[in-house]
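For reference, the chains in residue letters:
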Amino acid sequence: SLSLSGSVGYSLSFDGVDDYVMVSHDASLSLADFSVTFWMKTTATSMNGLVSKDCGGGCDADGEWWVYMGHMGGDGEVNLYVIKDGQLGALANQIVNDDQWHFVAATRDGTTGEQKISIDGQIAVTVTNGPTGQLIDPSPLLFGYTYIGDIYYYTGDLDDIAIWNEVLTAAE
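Values in this document were obtained by computation on a predicted structure and should not be read as measured data.

(A) Representation of the overall build of the protein in the model. A tally of regular secondary structure across the protein gives zero helices and 14 strands. Counting helices and strands in the order they occur from the N terminus, the protein gives β-β-β-β-β-β-β-β-β-β-β-β-β-β. In the protein, which comprises 172 residues, the share counted as buried stands at 47%. In the protein, of all internal contacts separated by at least 6 residues, the share reaching a separation of at least 24 is 64%. Counting only carbon and sulfur atoms, one obtains 47% of the accessible surface of the protein, whose full area is about 8100 Å².

The structure is reproduced here in structure tokens:
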């Protein structure tokens, strides 16, 4: 367990080679609605795993999801991808690889299938036809790593990572 509670000026720093954090699966992570929030700072220009619930071996199992950079059209943009009875992703159109801190919020409504990505408090993309239902998958929660056809480690810093069991509003 990693805890920097009460620390100021610290973040998780990933080298893009082999650094990541793995949190074992817990039933509380089998969610229908969720929000993933975090601060990020990077100059990475290729695919990078940020926060994911992923088997780590390319199994593309129902219930997996990924928040990552660089897969669906842009190298410095954030993506949210959900697998459940099919697959659908949302690609934010705002560049975040400018070596500045950005606040990212990725949300998924399990009833409607709506997925949103907000960058620095502004909605960057909304997808309304995503998969619905509860995401049940025993995969671990991963920070700084994802496997989408290959291993993608993150190069940069992550801070204040939070997983919520609700769809946060812009005001929240």
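There's plenty left to go through after this.
(B) Looking closely at the pairing of strand β10 (residues 122-127). When strand β9 (residues 115-119) meets β10, the two strands line up antiparallel, connected through five bridges. Bridging from a neighbouring strand, S118 pairs with I123 of β10. Where β9 folds back on β10, the antiparallel hairpin that results is connected by two residues, among which D120 adopts a positive phi of roughly 50°.

(C) Here's a closer look at the nonpolar core. Ranked by size, the top nonpolar core spans 32 residues in total, and within it F38, M40, L50, W65, V78 and I117 carry the most contacts. Per-element tally for this core: the top contributor is strand β3 (residues 34-41), with four residues. Those residues within four positions of W65 in sequence are excluded, and the remaining contacts are F34, V36, V51, S52, K53, Y81, V82, L135, L141 and I163. The next biggest cluster of nonpolar side chains, apart from the first, holds six residues, and it includes Y68, Y81, I83 and I148.

(D) View of the packing of aromatic side chains. Overall, the coordinates contain eight aromatic pairs when judged by the stated rule. Note on W66 and Y81: the rings are 5.3 Å apart at their centroids and 15° apart in plane angle, and the pair reads as stacked. Here the residue W66 occupies a position in strand β5 (residues 65-69), and Y81 occupies one in strand β6 (residues 78-83), the gap between them amounting to 15 residues. One exposure class covers both W66 and Y81, and it is buried. An aromatic cluster is defined as three or more aromatic residues linked by ring pairs; in this entry it consists of Y20, Y145 and Y153.

(E) Examining the pattern of salt bridges more closely. By the definition in use, this model includes one salt bridge. When the shortest N-O distance is used, the salt bridge between K116 and E114 registers 3.8 Å. Taking the relative accessible area as the measure of exposure, K116 reaches 26% and is therefore partly exposed.

(F) Structural context of the confidence of the model for the protein. In the predicted model, the protein carries a mean pLDDT of 85, and 89% of its residues have values of at least 70. With pLDDT under 50 throughout, residues 1-6 is counted as low confidence; its partners more than four residues away or in other chains account for two contacts.

Calculation criteria
Residues numbered from 1 in each chain as written. Predicted model: local features only at pLDDT ≥ 70, side-chain atom pairs only at ≥ 80, totals over all residues. Heavy atoms only, no water. Helix = DSSP H or I, 4+ residues; strand = E, 2+ residues; numbered from the N terminus. Buried < 20%, exposed > 50% of the residue type's maximum accessible area, 1.4 Å probe, protein only. Contact = heavy atoms within 4.5 Å. Areas by Shrake-Rupley, 256 points an atom, 1.4 Å probe, with all protein chains shown as cover. Pairing = 2+ DSSP bridges. Core = buried A, V, L, I, M, F, W, Y, C linked by side-chain atoms within 4.5 Å. Phe/Tyr/Trp six-rings, centres within 6.5 Å; stacked < 30°, edge-to-face > 60°. Salt bridge = Lys/Arg side-chain N within 4 Å of Asp/Glu carboxyl O. pLDDT = per-residue confidence, 0-100.

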